[in-house]
Amino acid sequence: MSPQKKVETVPATAAAPAPEAAPAPQPADRVVIFDTTLRDGEQSPGASMNRDEKLQVARALARLNVDVIEAGFPIASPGDFDAVKAIADEVEGPIVAGLARSLEKDILAAAGAVKNAKRPRIHVFLATSAIHREFKLRKAKDEIVRQAVAAVKMAKQHCQDIEFSPEDASRTEPEFLCEVVEATIAAGATTVNIPDTVGFAMPEQFGSLIHILKTKVPNIAQAVISVHCHNDLGLAVANSLAAVKNGARQVECTINGLGERAGNAALEEIVMAIRTRTDYFAGLFTGIDTRRIVPTSRLVSKLTGIHVQRNKAIVGENAFAHESGVHQDGMLKERTTYEIMTPADVGLEQSSLVLGKHSGRHAFGERLKALGYTLNDAELAEAFERFKVLCDKKKTVYDADLAAIAEDLFEAAAPVWQLELLQVASGNRAVPTATVCLRKDQKRYQDAAIGDGPIAALSAAINRITGVKTSLRRPPKRT
Ligand code: KIV
Ligand code: ZN
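Numbers given for residues are sequential positions, taken from 1 along each chain in its written order. Here the convention is simple: chains get letters from A, ligands get numbers from 1, in the order in which they are written. Only residues with pLDDT of 70 or above have their local features reported here, since the model is predicted, and side-chain atom pairs are shown and tallied only from 80 upward, although totals for entire chains, interfaces and linings are computed over all residues. Note that the side-chain values use all heavy atoms of the structure and ignore hydrogens as well as water.

(A) Summary view of the overall build of the protein chain. Runs of H or I in DSSP of at least four residues are treated as helices and runs of E of at least two as strands, each being numbered from the N terminus. Tallying secondary structure elements over the protein chain gives 15 helices and 13 strands in all. With respect to the three principal axes, the spread of C-alpha positions in the protein chain is 105 × 50 × 40 Å. By residue count, 49% of the 479 residues in the protein chain fall in the buried class. Put simply, of all contacts in the protein chain between residues at least 6 apart along the chain, 69% involve residues at least 24 apart. Each accessible area is a Shrake-Rupley result for a 1.4 Å probe, and residues are judged covered by the shown protein chains and nothing else. Taken as a whole, the protein chain presents about 23,200 Å² of accessible surface, with 52% of it coming from carbon and sulfur. Working convention for charge: Lys and Arg count positive, Asp and Glu count negative, and His plus the chain ends are omitted. One atom stands in for each charge, and that atom is NZ of Lys, CZ of Arg, CG of Asp or CD of Glu. Here the protein chain holds 59 positive side-chain charges and 59 negative ones, and the gap between their average locations is 4 Å. Whether a residue is buried, partly exposed or exposed follows from its accessible area with a 1.4 Å probe, protein chains only, as a fraction of its type maximum: under 20%, in between, or over 50%, in that order. In this description, contact between two residues means that some pair of their heavy atoms is separated by no more than 4.5 Å.

(B) Focus on the domain arrangement of the protein chain. All the domain ranges listed were derived from an automatic or database domain assignment. Partitioning the protein chain into domains gives domain 1 (32-304), domain 2 (321-413) and domain 3 (418-466). Once you take the C-alpha centre of each, domain 2 and domain 3 turn out to be 41 Å apart.

(C) View of the sheet that holds strand S12 (residues 433-440). In this analysis, strands are considered paired if DSSP registers two or more bridges between them. Pairing is antiparallel across the open sheet formed by three strands, whose spatial order is S11-S12-S13. The sheet terminates laterally at strand S11 (418-425) and strand S13 (443-450), the two strands that pair on one side only. The average undirected angle you get between the axes of adjacent strands in this sheet is 10°. Judged from the seven bridges that link them, S11 and S12 form a sheet pairing that is antiparallel. Within S12, the residue paired with Gln418 across the bridge is Arg439. With axes taken as lines fitted to C-alpha atoms, and helix axes fitted only over the stretch in contact, angles between N-to-C directions fall between 0 and 180 degrees.

(D) The coordination of the zinc ion (ligand 2), seen in detail. Taken together, Asp40 (OD), His228 (NE2) and His230 (NE2) make up the protein donors of the zinc ion (ligand 2), found 2.0 to 2.1 Å from the metal. Each metal site is built from N, O and S donor atoms within 2.8 Å (3.2 Å for Na, K and Ca), and since water is not included, such sites may look incomplete. All donors to the zinc ion (ligand 2) come from one chain, and their sequence spacing reads D-x187-H-x1-H. With Asp40 in the loop between strand S1 (32-35) and helix H1 (51-64) and His230 in the loop between strand S7 (224-229) and helix H8 (236-245), this pair connects stretches of sequence that are 190 residues apart. Neither residue differs from the other here; Asp40 and His230 are each classed as buried.

(E) Structural detail: the sheet that holds strand S6 (residues 191-196). A barrel is described by the order of its strands in space; here eight strands give the closed sequence S1-S2-S3-S4-S5-S6-S7-S8, paired in parallel fashion. This sheet shows a mean twist of 25° between the axes of neighbouring strands, independent of strand direction. Sheet analysis places strand S5 (residues 162-167) next to S6, joined by two bridges and oriented parallel. Paired with Glu163 across the bridge in S6 is Thr191.

(F) Representation of the packing of helix H2 (residues 78-90) against helix H3 (residues 104-114). Packing of H2 against H3 leaves a shortest axis separation of 7 Å and a crossing angle of 40°. Contact with H2, carried on its side by Phe81, Val84, Lys85 and Ala88, involves Ala109, Gly112, Ala113 and Val114 of H3 and no other residues of that element. Classification convention: Asp, Glu, Lys, Arg as charged; Ala, Val, Leu, Ile, Met, Phe, Trp, Tyr, Cys, Pro as nonpolar; all other residues, Gly among them, as polar. For the contact of H2 with H3, the per-class residue count stands at six nonpolar, one polar and one charged.

(G) Examining the site of ligand 1 more closely. In these notes, residues near a molecule or strand are those with any non-hydrogen atom within 4 Å of it. Arg39, Asp40, His123, Phe125, Ser165, Glu167, Asn193, Pro195, Thr197, His228 and His230 make up every residue found near ligand 1. Polar contacts, as counted here, are pairs of nitrogen or oxygen atoms within 3.5 Å of one another; within protein the pair requires one atom able to donate a hydrogen and one able to accept it, and residues that are adjacent in sequence qualify only if both atoms are side-chain atoms. Take Asp40: an N or O atom from its side chain is 3.1 Å from an oxygen atom of ligand 1. The side chain of His228 places a nitrogen or oxygen atom 3.1 Å from an oxygen atom of ligand 1. In isolation ligand 1 exposes 260 Å². Once the protein is present, 94% of that is buried. Mapped onto the shell around ligand 1, the elements with two or more residues apiece are strand S4 (120-127), S5 and S6. In terms of residue class, the shell around ligand 1 is made up of two nonpolar, six polar and three charged.

(H) Looking closely at the packing of aromatic side chains. Pairs were defined over the aromatic rings of Phe, Tyr and Trp, the Trp ring being its six-membered one, requiring ring centres within 6.5 Å. Orientation was assigned from the angle between planes: stacked under 30 degrees, edge-to-face over 60, tilted for the rest. Evaluation of the coordinates by the stated rule reveals five aromatic pairs. Over a ring means this: the NZ of a Lys or the CZ of an Arg is within 6 Å of the ring centre and within 35 degrees of the ring normal. When the ring centre of Tyr280 is taken as reference, the NZ or CZ atom of Lys245 above it lies at 4.0 Å.

(I) Inspection of the nonpolar core at higher detail. Only buried residues count toward a nonpolar core. Its members are Ala, Val, Leu, Ile, Met, Phe, Trp, Tyr and Cys residues joined through side-chain atoms within 4.5 Å. If you look at the biggest cluster of nonpolar residues, it comprises 93 residues, and the most contacted ones within it are Ile122, Val181, Ile194, Val227 and Ile293. Top element by residues in this core is helix H6 (residues 174-187). It accounts for eight residues. Contacts of Ile122, omitting those with residues within four sequence positions, involve Gly98, Ile107, Ala110, Ala111, Val114, Ala155, His158, Cys159, Asp161, Ile162 and Glu163. With 20 residues, the next largest nonpolar core counts Leu355, Leu375, Ala383 and Ile405 among its residues.

Spelled out as structure tokens, the structure:
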């Protein structure tokens, strides 16, 4: 971290207590959604965004109704400072937080960046685990406690809403973690965030850690317990939910699970798990407008250039797509057989029944009907057989392929007249004339006619032979 130009901070001597009101208490059953897409999410390799892109994401997060936007790490670079400030200046609704190490220059930069927010927060962190104490910070336990307390007190002079994170909490000795948490709450922290910084925790264990804090830290009721889980073992969401079950009431998460290394807990998964399993979570809720989830996910993906895997829960392309015949049949009979959420809940128009080699006749027939082809049972059986052959050859079967199968079938089914010969004479001085020879039931029929143009002459010749008034061909039986 080597800032090119000095960032604008608040003066270090601004010792008067922070002017704004203390953060309003949340109902005990509301889970606060703290979005860190613009801070930890942006730490995903390759995910950096410029100021305008960050503003776009922040506006989308406000529409999604997140409770807190962690807008960045103001000391990290002048660009980050500007982006956090722009968001704090403009975006209304959520709390706007800036991250700071437990250092004066960081805290002043964060305070300067969020000072115009209607609801500012400074998020201070300091590592507490033995590994970090020994190798990274080279500090003893008592020095860590002193530094953390001093940082919280300093931040509190600029802002009422202070979050403290003991970095690498999940690998910190639980008794020492309790000591740090108690001391930082006493110093003024209104949220204590317990990070599983390296994604090391197991759900049951992480849940127990939250239970220990809740039962052993005497002043714990004066702060909201938050969690911040990384996904190194693919357990970020599971660990966060285990923490919620044990009393955490803020979850730090990111859109599409972006974040350092394997990412953070995915916001969409946390929110939809709490919403879908209110039975399990005993009525807990979030304030998220879930219909904004997919649009927000797509915006973040577009701006960061990081694609969402197809089978990603909630927001992946396949999240509401069904291919197997058994599943499609179930879906067509009753959606809840194979869907626990509706696509509309997360802002998608509808589920899709993807036709492939696992699909069944029911879904195939329904799709043909939707395309305008009404087939009887025998025709459907034949079309379905051709479709299965095609599926073995092609990875994706499109609607156009289905239409071709149906068209083919109709053509093959009724070859009443067959064309033997067609000759048209036309020119700027000649009268358009057509000669046609057709075959029916082994007999040949030939005739000629004139018309206003070559096609009209052709139609007239066919009319004369068949007695059927013809016109340009349309797909048969299409409705
Ligand atoms: O993972 C982590 O520990 C963090 C802290 C700064 C909260 O991102
Ligand atoms: Zn993190």
